[in-house]
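As a plain string of letters, each chain reads:
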Amino acid sequence: MDGSLEFPVATPPAPGEAIAIAPGVFWLRMRLPFALNHINLWLLEDGPGWTIVDCGYALDETRDAWLRIFAERLGGRPVRRIIVTHFHPDHMGLGSWLAEHWGASLWTTEKEYLHARMMAQDIGEASAASRRDFARRAGLDEELCTVFGERQGNYRRGCPAVVPAYHRIGEGTVIEIGGRKWQVMIGEGHAPEHACLFCTETGVLIAGDQILPRISPNISVQTYEPDGNPLARYLASLKKLRAGVPSGVLVLPSHNLPFYGMHERIDELAAHHDARCDDVVTACTRPTSAAELLPVLFRRQLDRHQMGFALGEALAHLHYLEGLGALARQTGGDGVNRFQAK
Ligand SMILES: [Zn+2]
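Residues numbered from 1 in each chain as written. Predicted model: local features only at pLDDT ≥ 70, side-chain atom pairs only at ≥ 80, totals over all residues. Heavy atoms only, no water.

(A) Summary view of the packing of helix α10 (residues 290-297) against helix α11 (residues 304-324). Viewed as axis vectors pointing N to C, α10 and α11 meet at an angle of 100°, and their least axial separation amounts to 9 Å. If you check the angle between α10 and α11, you find them roughly perpendicular. Contact residues: α10 offers A290, A291, L293, L294 and L297, while α11 offers M307, A310, L311, A314, L315 and L318. For the contact of α10 with α11, the per-class residue count stands at eleven nonpolar, no polar and no charged. (Axes fitted to C-alpha atoms, helices over the stretch in contact; angles between N-to-C directions. Helix = DSSP H or I, 4+ residues; strand = E, 2+ residues; numbered from the N terminus. Parallel < 35°, antiparallel > 145°, perpendicular 65-115°, else oblique. Contact = heavy atoms within 4.5 Å. Nonpolar A, V, L, I, M, F, W, Y, C, P; charged D, E, K, R; others polar.)

So this is what it looks like as structure tokens:
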């Protein structure tokens, strides 16, 4: 699927190590306790100090890997700033710990900051009941609805604390890091106000999870916004990024390897969703729930962690097609939403 991409460095750094990947930018990698087992983080030279981009999931081994980086890679200079691309726990996770360790400020967009604060509070019976209802309306059986309800609290496992105050960045913000200008470009759909960072001078785009090689970023309807249409937002964002960033840039993604071929990858991602949409319309010859679509969209066996993402993804395609007028929604007497091709 990514035959048109070029990967300049084939071997990623081990946790606790760093590879110079672009002028003033070091590539770090930390472990994740999921099927997607790693995240890339970035360490940027920043004059008398350092700026970190993204923080890693709260694991003791990741704190240890950071401490090793601090001891061996900073040349005695302090971390002065932490930039977080989006609120997901592998990105925001250790932000509070890092900020406290260094007395550094945390920079992110307003929606990402507010989502992190919200998710950290997303506990209690009302929230669990709302998640179960979401799963029920999507057509999952009772056992899986219970699993869905239990997912609450997961955020705090990876992100135990969120800084009480932050520095806001947004579309068009220019951040000077080590004498170079990095422009903030916002993406939607994967997260509400995901910050990508583009340096025209060096031709580098820190893409976060907005553009990934090899895997398609998760685009999911969220339980707290059950009628959302994140796929429309995602595809519009890809178009905007394609128009705003030249194709020759080095893309630094949060997962897998840095690559060249940004425009090609954007085209592949858009084509991937187009093909998925075709599959969905073909499957919806009769009223079909999101749960019934899972075997159509995901041919592999899903674990419990993946099930949540998969259901959200199925709904994202259904809502997108409903928005385009290709599918019509009907709510059955059982409360399940089903979609049928018009
Ligand atoms: Zn993410």
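Following the structure, the description resumes.
(B) A look at the coordination of the zinc ion. Taken together, H86 (NE2), H88 (ND1), H190 (NE2) and D209 (OD) make up the protein donors of the zinc ion, found 2.1 to 2.2 Å from the metal. Around the zinc ion sit four donor atoms, and with donor-metal-donor angles ranging over 90 to 173° the site reads as irregular. For the zinc ion, all donor residues lie on one chain, and their spacing in sequence is H-x1-H-x101-H-x18-D. The exposure class assigned to H86 is buried, which follows from its relative accessible area of 0%. (Donors = N, O, S within 2.8 Å, 3.2 Å for Na, K, Ca; no water. Tetrahedral: all angles 85-135°; square planar, octahedral: opposite > 155°, others 65-115°. Buried < 20%, exposed > 50% of the residue type's maximum accessible area, 1.4 Å probe, protein only.)

(C) Spotlight on the nonpolar core. By size, the foremost hydrophobic cluster in this structure holds 48 residues, and its most contacted members are L205, I211, M262, L311 and L318. Residue assignment for this core shows that the elements contributing at least two residues are α5 (125-137), α6 (142-150), β10 (194-199), β11 (204-208), α8 (230-244), α9 (262-283), α10 and α11. Listed in part, the 36 residues of the second largest apolar core include A58, W66, V79 and L106. (Core = buried A, V, L, I, M, F, W, Y, C linked by side-chain atoms within 4.5 Å.)

(D) Main features of the layout of surface pockets. Of the volumes computed, that of the largest pocket is approximately 1500 Å³. For the largest pocket, the lining is made up of 50 residues, of which H190, N218, H305, Q306 and F309 are closest to its centre. Of all the elements in the fold, those that place two or more residues in the lining of the largest pocket are α2 (89-92), α5, α7 (154-158), α9 and α11. Per-element tally for the lining of the largest pocket: the top contributor is α11, with eight residues. The residue inventory of the lining of the largest pocket, partitioned by class, reads 22 nonpolar, 17 polar and eleven charged. (1 Å grid on protein atoms, 1.4 Å probe; cavity = no way out; pocket = protein on both sides within 12 Å on 5 of 7 lines; lining within 4 Å. Points joined across faces, edges and corners; volume = space filled by probe spheres on them.)

(E) Quick peek at the pairing of strand β5 (residues 79-83). With four of five residues buried, β5 is to be regarded as a mostly interior element. Following the chain from strand β4 (residues 49-53) across helix α1 (residues 60-73) to the adjacent parallel β5, one finds a crossover that is right-handed. Here β5 runs beside strand β6 (residues 105-109); their pairing, made up of three bridges, is parallel. When the bridges of β6 are listed, I83 appears paired with W107. (Right-handed = clockwise from strand over helix to strand, strands pointing away. Pairing = 2+ DSSP bridges.)

(F) A look at the sheet that holds β11. One open sheet holds the six strands; their spatial order is β8-β9-β10-β11-β12-β13, and the pairing between them is mixed. Lying at the two open borders of the sheet, with one neighbouring strand each, are β8 (174-177) and β13 (259-260). Where β10 lies against β11, three bridges are found, and the strand directions are antiparallel. Directly across from C199, in β11, lies its bridge partner V204. Running at roughly 155° to strand β9 (residues 180-187), α8 makes contact with β9 and β10 of the sheet.

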